[in-house]
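# Coordinates in review
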Amino acid sequence: MNKETKKINRSIKIYPLFASFTGDLIFFVPIDTLFLTLVKGLNASQITAMTMIALITCIVFQKVILTIVKKIGNVNSLRLGATMLLIASLVLTFIAMLLYKSIHELAVMFLNMDEIILKNNLKKVNRKEDYFKIRNKSKIIYSVITLFTALVAGKMFNIDHYLPMYLSIIIYVLVLGTAFLYYETKTEDEKEVKKEHTKIKTTTLIFYIMLSNAVFYSIIKMGQNNSKLFMQYDFQNFLSIEKVTYYITTIVFISRISRLAGNVIFGKIYLKIKDKMSIILTICLALAFLLLITGHFINSN
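What you see is a predicted model, and the numbers here were worked out from it, not measured in a lab. (Residues numbered from 1 in each chain as written. Predicted model: local features only at pLDDT ≥ 70, side-chain atom pairs only at ≥ 80, totals over all residues. Heavy atoms only, no water.)

### Thoughts on the overall build of the protein chain
The helix and strand tally for the protein chain stands at 13 helices and 0 strands. Counting from the amino terminus, helix and strand elements in the protein chain follow one another as α-α-α-α-α-α-α-α-α-α-α-α-α. The proportion of buried residues among the 301 residues of the protein chain is 38%. In the protein chain, the proportion of contacts linking residues at least 24 apart, taken out of those at least 6 apart, comes to 83%. Carbon and sulfur atoms make up 67% of the accessible area of the protein chain, which totals about 18,200 Å². (Helix = DSSP H or I, 4+ residues; strand = E, 2+ residues; numbered from the N terminus. Buried < 20%, exposed > 50% of the residue type's maximum accessible area, 1.4 Å probe, protein only. Contact = heavy atoms within 4.5 Å. Areas by Shrake-Rupley, 256 points an atom, 1.4 Å probe, with all protein chains shown as cover.)

Laid out in structure tokens, this is it:
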């Protein structure tokens, strides 16, 4: 086995863990609404505005980021993304909230290069068919890690509101170090892409798929960002902060169990129902929001 092949195999082995720990600020997510409202003093409208401005920042800088990626390469882009993730965790803990969200969203765009690196490396060692298996492995590991963090983040938050953030900073120092172990093989795909590049005609069906995907993704993000905040405000009407933290993180913990089960069985279910999957997911999403709203009104009465 030559030196390059060893580096490629090392990068392939690193990917599942690296992708899992860079999927989000893992110790922050279970207690994010609690931290933002109780520690940083933000209200619901400020949190929503912060998310919206961060997303607008990503849209505005999208072409700039693509230019940077082309100039510095995928591996250096990955390292830049890991650096920005560490900066985001530091800013979130010690400085400005709005700045944190924008830096984090931009970091995610650079960190997405890890999948391109994985594909190129697998192609080099004739393992292209392993891509979805490795990617699904990373999703399962992410689910297990977030399952653990959901279990302990609430307890740490009740001990010290900043404790989960300090742990996140330590983790992203290690993640940044891991980013420097990445290696990407050189490919000649760019020439092939240029030759094969043609303008895609936007038919009614393609437009419908793009529109439905955008709407569906937006609804999911909206639900993820606001559902915990919605429940938190309801709980605060009759529970202490410690109890609210306990219930919120318990709900997150249960949701992570569902995510883990979903990642394990998704592939098998998809092979059986395929095109019907989007219908089933839409029904599940609508049911989740319906239960959330119903719970609110039952509590109000």
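### A look at the packing of aromatic side chains
By the definition in use, this model includes 9 aromatic pairs. With a centroid separation of 5.5 Å and 85° between ring planes, the pair formed by Phe-35 and Tyr-162 is classed as edge-to-face. Highlighted residues: Phe-35 in helix H2 (residues 32–39) and Tyr-162 in the loop between helix H8 (131–159) and helix H9 (163–179), separated in sequence by 127 residues. A centroid spacing of 5.8 Å and a plane angle of 40° characterise the contact between Phe-235 and Tyr-247, whose relative ring orientation is tilted. Of this pair, Phe-235 sits in helix H11 (residues 204–235) while Tyr-247 sits in helix H12 (residues 241–273), and the two are 12 residues apart along the sequence. Stacked on the ring of Tyr-131, the Lys or Arg Lys-119 has its end atom at 5.0 Å from the ring centre. (Phe/Tyr/Trp six-rings, centres within 6.5 Å; stacked < 30°, edge-to-face > 60°. Lys NZ or Arg CZ within 6 Å of the ring centre and 35° of its normal.)

### Notes on the nonpolar core
One finds Phe-18, Phe-28, Leu-92, Tyr-100, Tyr-172 and Tyr-182 to be the most contacted residues of the largest nonpolar core, which totals 63 residues. Once you skip the residues sitting within four places of it in the chain, Phe-18 turns out to touch Leu-78, Leu-111, Asp-114, Val-175, Thr-178, Ala-179 and Tyr-182. (Core = buried A, V, L, I, M, F, W, Y, C linked by side-chain atoms within 4.5 Å.)

### A few points about the pattern of salt bridges
Scanning the entire structure with this criterion turns up 4 salt bridges. Put simply, Glu-105 and Lys-101 hold a salt bridge, and the shortest N to O gap is 3.6 Å. Note that Glu-105 and Lys-101 are positioned in helix H6 (residues 97–111) at a spacing of 4 residues, about one turn of the helix. Judged by relative accessible area, which is 14%, Glu-105 ranks as buried. Of the charged contacts, one joins Arg-127 and Asp-130 as a salt bridge, the two residues approaching to 2.9 Å between their closest N and O atoms. (Salt bridge = Lys/Arg side-chain N within 4 Å of Asp/Glu carboxyl O.)

### A look at the confidence of the model for the protein chain
When pLDDT is averaged along the protein chain, the result is 81, and 86% of the positions lie at 70 or above. Averaged over each element, pLDDT in the protein chain is lowest for helix H10 (residues 189–196) (47) and highest for H9 (92). For residues 190–197, every residue scores under 50 in pLDDT, and the model assigns this stretch 0 contacts once sequence neighbours within four places are set aside. (pLDDT = per-residue confidence, 0-100.)

### Notes on the packing of helix H1 (residues 3–21) against H9
Helix-helix packing is characterised by the crossing angle of the two axes and by the distance between the axes. Taken N-terminus to C-terminus, the directions of H1 and H9 make an angle of 145°; their axes are 11 Å apart at the nearest point. The two elements H1 and H9 meet at a crossing, and its hand is left-handed. Between H1 and H9, the residues in contact are Ile-14, Phe-18 and Phe-21 and Ile-171, Tyr-172, Val-175, Thr-178 and Ala-179, respectively. Split into classes, the residues belonging to the contact of H1 with H9 amount to 7 nonpolar, 1 polar and no charged. (Axes fitted to C-alpha atoms, helices over the stretch in contact; angles between N-to-C directions. Left-handed = near helix turned anticlockwise from the far one by under 90°. Nonpolar A, V, L, I, M, F, W, Y, C, P; charged D, E, K, R; others polar.)

### Looking at H2
The α-helix winds at 3.6 residues per turn, so residues separated by three or four positions along the chain end up facing the same way. By the criterion of burial, H2 is predominantly enclosed, with 6 of the 8 residues buried. Downstream of H2 by one or two residues, Gly-41 has phi in the positive range, about 75°.

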